[in-house]
Amino acid sequence: MTLRVLAAMSGGVDSAVAAARAAEAGHDVTGVHMALSSNPQSYRTGARGCCTLEDSRDARRAADVIGIPFYVWDLAERFHRDVVEDFVSEYAAGRTPNPCLRCNEKIKFAALLDRALALGFDAVCTGHYARWDGGVLRRGVDAAKDQSYVLAVCTPEQLAHAMFPLGDTTKADIRAEAQRRGLQVADKPDSHDICFIADGDTRRFLAERLGSAPGPIVDQDGNTVGEHEGAYAYTVGQRRGLRIGTPAPDGRPRYVLDVSPVTNTVTVGPREALDVDEIVGERPVWLSEPPAGPLPCQVQLRAHGEVHDCVAETEGDTVRIKLARPARGVAAGQAAVLYDGDRVLGSSTIATTARVAV
Amino acid sequence: MTYLDHAATTPMLPEAIAAMTEQLGALGNPSSLHAVGRRARRVVEESREIIAEAFDARPSEVVFTSGGTEADNLAVKGLYWARRAADPRRTRVLAAAVEHHAVLDAVRWLADHEGATAQWLPVDEHGRVRPDTLRAALAAADDVALVTVMWANNEVGTVQPVAELAAIAREHGVPFHTDAVQAAAQLPVAFAASGVQALTLSGHKLGGPLGVGALLLAKGVDPVPVLHGGGQERDVRSGTLDTPAIAGFAAAVQVAVARREEEARRLAGLRDSLVKAVRTAVPDAVLNGDPRDRLPGNAHFSFPGCEGDALLMLLDARDIECSTGSACSAGVSQPSHVLLAMGADPARARGSLRFSLGHTSTEEDVAALADAIGPVVERARRAGITS
């Protein structure tokens, strides 16, 4: 069946090949580049980001080669409100957000999708490495590039209109295919980090928006061992950049165990104290039947993170996830994505964690 | 394909293609002294004479440029620099708020980098600069270097009272420039009779090739050059003359001006039926610009509750090509400064489309738009306006 497909084109190689594949499959494809900054120069320049003028040109050039119409849609206000401001306020609340995930949930498969559907499109196609087939979301076959984690926050209704043509291919093959198709972006480096932080310095980005808020760094017994310029700049599991004056009694490195915005306190301790064996997730989204009782499955706790065996159980509007073996450095605000093998069962946002009794 | 974007560029006239093609294979730098150079120079000078005659100018008043943008920059910057050099107090530039970006941004650049004071002349709800507005501005300031007001607006098509405005500027001894790029093929543009000192023309808007234009410069009006080099074109615009493009430009001017009256009548008729068809299909569509005194080929509408970009995309999908008429940055359309200057709110400014007709336009084009515009507007309304 021929669908009217809107291909979101970032200017990178993946979305370009995805659009080309959709067109080759016989769909009526239109390329759209999302302008996410009202002042493109202020975002990352060069090949690293996804929102620069150069990226917009690369996307347009790819669309011309594929032979599809191309437009730029201005989603800067929505992006700023739903992704950038959310990012800042999550850090301010002591959590560690994943803006790519938020962008999928609120922009690509919300603002962009809604506008596409209203304008008569049937589907939104992206270059994500994941498989979506028959209402089932699976990992992409390239384990190193798999992006099912950042898509798992989307509801079945959102994904119902999604098209991921790259899920069955490895990145290396996509680059080769781009070359074959004559797409100039074939050799363009992968984007990394956060597209709206121009120099990659997250701490400074937050400091500019949240200001300086000095407070104590304490050990597990409550002794002050150092000072920080703002608790929001710390992430659970972080080791570097603590600048603690007083050494630990045992001389071993210390890690951030907890960030409390209420008391503006950062708690540090030894590595073992990071071990967590139970997680409570909020705002669950199910891509399968919600479990009626304890469900043995696997969980992934950060993008490209380790996979842990677990038992998940719904409790009211939360999910309690018991890990078979402890996980280290689990940060509130990240997604806990439940899998059955390579199939995504659902996701929730990590609210609290329980540490292993030491 | 239904091409309703002639104000962006219009197909080359066969006469222009023939004249240009004939020169493409011919050798010669018009500045060379030998026979080959003389041959090329003869083509350039004959072209200059054709263009001068068509627009009521003397051949020596025609300065060839690479197009409208260069001619506007040369006029605005060059005349500012020349006037300031003669009298350092003269640093104020009066420009219509609805100018094309080639003028607008050149004036802004002078303000940002050359100590100019940019003063935007307000317009009425149709986009017209009222003569009293200019009179008051010139009476209130004795430091004006230059006035620039376009002949006809590229977005909404409104025709300015250029001769009247130029006369007011002359009373104050201030040079007057007009961008006549959109007007040249559709209105009686007469350089000497209008009383302006500088007038911008572009080749590709009247059926000539891209990449060539001219600045008509009255005798004794000598802008400081923007490009320095071999001293061609009265030492005002250096650079080897593009003989084939100039030959094509002149051929197009000759045909366009000869057919102008008849063609303007034909286009106005087509345009009126286009306006009627759009209003029938979309009763709340607002026609922007002066309802009568406008370019014969221009129809510009606001469609309440729609995003201009969405309308353009939906029409494009039906092979109907038009424009939002406003400038882009990174491909993101901004609300048109023209409509904002006319008092439109940003939503109305963003929900607008320009349909522009030209020498290849037919009744079929109007019929195709009449069929499509109703459903397209309905669809775009469903998508609404992006917040």
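Residues numbered from 1 in each chain as written. Chains lettered and ligands numbered in written order. Predicted model: local features only at pLDDT ≥ 70, side-chain atom pairs only at ≥ 80, totals over all residues.

Right, let's get into the overall build of chain A. For chain A, the helix and strand inventory stands at eight helices and 17 strands. In terms of C-alpha radius of gyration, chain A reaches 21 Å, essentially the compact-globule figure of 21 Å for 358 residues. Summarising its shape, the C-alpha atoms of chain A cover approximately 65 × 50 × 35 Å along the three principal directions. The buried share of chain A, taken over its 358 residues, is 47%. Here the analysis covers contacts within chain A between residues at least 6 apart in sequence; of these, 64% occur between residues at least 24 apart. (Helix = DSSP H or I, 4+ residues; strand = E, 2+ residues; numbered from the N terminus. Rg over C-alpha atoms; globule rule 2.2 N^0.38 Å. Buried ≥ 20, exposed ≤ 12 C-beta atoms within 10 Å, placed from the backbone. Contact = placed C-beta atoms within 7 Å.)

Take helix α3 (residues 68-86) of chain B next. Look at α3(B): 26 Å from first C-alpha to last across 19 residues, which is about the 27 Å you get at 1.5 Å a residue. Of all 19 residues that make up α3(B), 15 are buried, and the element is covered over most of its length. (Expected span 1.5 Å × (residues − 1).)

This paragraph deals with unusual backbone geometry. All names here are of chain B. Positive phi outside glycine occurs at E233, with the angle close to 50 degrees. Mapped onto the fold, E233 is located in the loop between β8 (213-217) and α8 (243-281). Positioned with a positive phi, R234 is a non-glycine residue whose angle comes to about 60 degrees. When you line up the elements, R234 lands in the loop between β8 and α8. The class of R234 is partly exposed, set by 14 C-beta atoms lying within 10 Å.

All names here are of chain A. Sheet architecture is open: four strands sit in the order β9-β8-β11-β10, paired in mixed fashion. Unpaired on one side and paired on the other, β9 (224-228) and β10 (255-260) mark the two borders of the sheet. On average, adjacent strands in this sheet sit at an angle of 30 degrees to one another, irrespective of strand direction. In this structure, strand β8 (residues 215-218) lies alongside strand β11 (residues 265-269), joined through two bridges in parallel fashion. (Pairing = 2+ DSSP bridges. Axes fitted to C-alpha atoms, helices over the stretch in contact; angles between N-to-C directions.)

We now examine the environment of A:R60. All names here are of chain A. Mapped onto the secondary structure, R60 falls in helix α2 (residues 53-66). For R60, a count of 18 C-beta atoms within 10 Å gives the class partly exposed. Spatially, the C-alpha atoms of R60 and I279 are 44 Å apart, while their sequence positions differ by 219 residues.

Residues and elements named next belong to chain A. When you line up the elements, D193 lands in the loop between α7 (171-180) and α8 (202-210). Under the C-beta neighbour-count criterion, D193 is labelled partly exposed, with 13 such atoms within 10 Å. Sequence separation of D193 and P291 is 98 residues, and the distance between their C-alpha atoms is 34 Å.

Residue and element names in this part refer to chain B. Within the sequence span of helix α1 (residues 14-24), burial applies to A16, A19, M20 and Q23. Angular distribution of buried residues about the axis of α1 spans 95 degrees; they occupy a single face of the element. For α1, the exposed residues lying more than 90 degrees away from the buried face are P14 and T21. Elements in contact with the buried residues of α1: α2 (35-54) and α8. (Arc of directions from axis to C-beta.)

It is worth spelling out the pairing of strand β16 (residues 335-340) of chain A at this point. Of all six residues that make up β16(A), five are buried, and the element is covered over most of its length. What sits between β16(A) and strand β17 (residues 343-355) of chain A in their antiparallel hairpin is a turn of two residues, with A:G341 showing a positive phi close to 65 degrees.

Take the domain arrangement of chain B next. All names here are of chain B. Taken domain by domain, chain B holds domain 1 (2-8 + 260-383) and domain 2 (14-255). Here the C-alpha centre of domain 2 lies 27 Å away from the C-alpha centre of domain 1. Taken together, the contact pairs 24 residues of domain 1 with 21 residues of domain 2. Elements supplying a minimum of two residues to the side of domain 1 that touches domain 2: α8, β10 (298-302) and α10 (337-341). Per element, the largest residue contribution to the side of domain 1 that touches domain 2 is three residues, and it comes from α8. (Domains from an automatic or database assignment.)

We now examine the packing of helix α9 (residues 308-317) of chain B against helix α12 (residues 363-383) of chain B. All names here are of chain B. Two numbers describe how α9 lies on α12: the axes approach to 9 Å, and their chain directions differ by 135 degrees. Taken together, the axes of α9 and α12 lie oblique to each other. Of the two possible hands of crossing, α9 and α12 adopt the one that is right-handed. Contacts between α9 and α12 involve A310, L311, L314 and L315 on the former and, on the latter, A372, V376, V377, R379, A380 and A383. A per-class count over the contact of α9 with α12 returns nine nonpolar, no polar and one charged. (Parallel < 35°, antiparallel > 145°, perpendicular 65-115°, else oblique. Left-handed = near helix turned anticlockwise from the far one by under 90°. Nonpolar A, V, L, I, M, F, W, Y, C, P; charged D, E, K, R; others polar.)

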